[in-house]
Amino acid sequence: MTEETRPRAPITETAVLAWLETTAAAVEAGEVSAQELIDMLGELRRASAACADASDWLLLAAREGGASLRQIAPVFGKGYVRAPAARLEKLHRQAQTAGQWLAILRHKQTA
């Protein structure tokens, strides 16, 4: 897969910070109502849950692809394997594979 066709995360830390800076300026200028802030809060909380679900899928897929816990551990912000191992253990109570997890997510969306 080339750099141009490689899948990318749909959102980045940089994009979120830029949005936050713009939104904060609009709030300070009185351009955003309290209800609009509440609506955005709901959107972000739902997006956060979706990102967590996607992260879990990627964890399962990486393991299925042959990644070791030592390779995965740094993205959890720790230099040891307990964090991804614990997450995998919890995930395996619901799904053994990335495909099964994706099926669960699809079912949650239609429920």
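Please refer to the structure higher up on the page.
The structure contained in this document is the topic of the report that follows. From a predicted model like this one, the values you see are computed outputs, not experimental measurements. For every chain, the first residue of the written sequence is number 1, and numbering continues from 1 along that sequence. The predicted origin of the model limits local features to residues at a pLDDT of at least 70 and limits the giving and counting of side-chain atom pairs to 80 or more, whereas totals for whole chains, interfaces and linings rest on all residues. As a rule here, side-chain values come from all non-hydrogen atoms in the structure, and water together with hydrogens is ignored.

Brief notes about the overall build of the protein
Then, number 1: Numbered from the N terminus, helices here are DSSP runs of H or I no shorter than four residues, and strands are runs of E no shorter than two. When helices and strands are counted, the protein shows five helices and zero strands.
Then, number 2: Going from the N terminus to the C terminus, the protein shows its helices and strands as α-α-α-α-α.
Then, number 3: This radius of gyration counts C-alpha atoms alone. The globule rule is 2.2 Å times how many residues there are, raised to the power 0.38. Taking 13 Å as the expected radius of gyration for a compact globule of 111 residues, we find that the protein reaches 18 Å, considerably beyond that expectation.
Then, number 4: By its C-alpha atoms, the protein is 50 × 35 × 30 Å across when sized along the principal axes.
Then, number 5: Burial classification: accessible surface area is computed with a 1.4 Å probe over protein chains only, and a residue below 20% of its type maximum counts as buried, one above 50% as exposed, and the rest as partly exposed. Expressed as a percentage of the 111 residues in the protein, the buried residues total 17%.
Then, number 6: Contacts are residue-level and defined by heavy atoms, with any inter-residue pair within 4.5 Å sufficient. Counting only contacts in the protein whose residues sit at least 6 apart along the sequence, the fraction spanning at least 24 positions is 50%.
Then, number 7: As presented, the protein carries roughly 8,600 Å² of accessible surface, and 58% of it is formed by carbon and sulfur atoms.
Then, number 8: The charged-residue count follows a simple rule in which Lys and Arg add positive charge and Asp and Glu add negative charge, with His and chain termini not counted at all. Every charge is mapped onto a representative atom, which is NZ of Lys, CZ of Arg, CG of Asp or CD of Glu. Side chains of the protein carry 13 positive and 13 negative charges; the gap between the two charge centres is 15 Å. All accessibility values rest on the Shrake-Rupley procedure with a 1.4 Å probe; residue burial counts only the protein chains present in the view.

A word on the nonpolar core
Then, number 1: Nonpolar cores are built from buried Ala, Val, Leu, Ile, Met, Phe, Trp, Tyr and Cys residues. Side-chain atoms within 4.5 Å join them into one set. Formed by Leu59, Leu60, Ala67, Leu69, Ile72, Leu88, Leu91, Ala95, Ala98, Trp101 and Leu105, the largest nonpolar core amounts to 11 residues.
Then, number 2: Only helix H2 (34-64), helix H3 (69-72), helix H4 (82-92) and helix H5 (98-110) provide two or more residues apiece to this core.

Here we look at the environment of histidine 107
Then, number 1: Tracing the chain through its elements places histidine 107 in helix H5.
Then, number 2: Classification of histidine 107 as exposed rests on a relative accessible area of 56%.
Then, number 3: The spacing of histidine 107 and arginine 45 is 62 residues in sequence and 19 Å in space, taken between C-alpha atoms.

Describing helix H1 (residues 13-28)
Structurally, the α-helix is built with 3.6 residues per turn, so residues lying three or four positions apart point the same way.
Then, number 1: One less than the number of residues in a helix, times 1.5 Å, gives the span that helix is expected to have. With 16 residues, H1 should reach 22 Å at 1.5 Å per residue; the first-to-last C-alpha distance of 22 Å fits that figure.
Then, number 2: Count one or two residues on from H1 and you reach glycine 30, which has phi positive near 75°.

Topic: the packing of H2 against H4
Then, number 1: Lines fitted to the C-alpha atoms define the axes, with helices restricted to the stretch that makes contact. Angles between their N-to-C directions range from 0 to 180 degrees. Interhelical geometry of H2 versus H4 gives an angle of 100° and a closest axis separation of 11 Å. In terms of axis orientation, H2 runs roughly perpendicular to H4. Residues Asp56, Leu59, Leu60 and Arg63 of H2 form the contact with H4, whose own contacting residues are Pro84, Arg87, Leu88, Leu91 and His92.
Then, number 2: In terms of residue class, the contact of H2 with H4 is built from five nonpolar, one polar and three charged. Should an angle fall under 35 degrees it is called roughly parallel, over 145 degrees roughly antiparallel, and 65 to 115 degrees roughly perpendicular, with every other angle called oblique. In this count, Pro and Cys sit with the nonpolar residues alongside Ala, Val, Leu, Ile, Met, Phe, Trp and Tyr, while Asp, Glu, Lys and Arg are called charged and the others, Gly among them, polar.

Brief notes about the layout of surface pockets
The gaps of empty space that remain are located by a probe, the size of a water molecule, rolled over the atoms.
Then, number 1: A volume near 870 Å³ is recorded for the largest pocket.
Then, number 2: Here the lining of the largest pocket gets 13 residues from one element, more than from any other, and that element is H2.
Then, number 3: The residue makeup of the lining of the largest pocket, split by class, is 20 nonpolar, four polar and three charged.
Then, number 4: Here the term cavity refers to a set of points on a 1 Å grid, laid over the protein atoms alone, in which a 1.4 Å probe fits but cannot get out; the term pocket refers to an open set having protein on both sides within 12 Å along at least five of seven lines, with lining residues being those that place an atom within 4 Å of a point. In this structure, the second largest pocket is lined by Arg46, Ala49, Ala50, Asp53, Ala54, Trp57, Leu58, Leu102, Leu105, Lys108 and Gln109.
Then, number 5: Those elements that place two or more of their residues in the lining of the second largest pocket are H2 and H5.
Then, number 6: Looking at the lining of the second largest pocket, its residues break down into seven nonpolar, one polar and three charged. Grid points are joined across faces, edges and corners, and a volume is the space filled by probe spheres set on the points.

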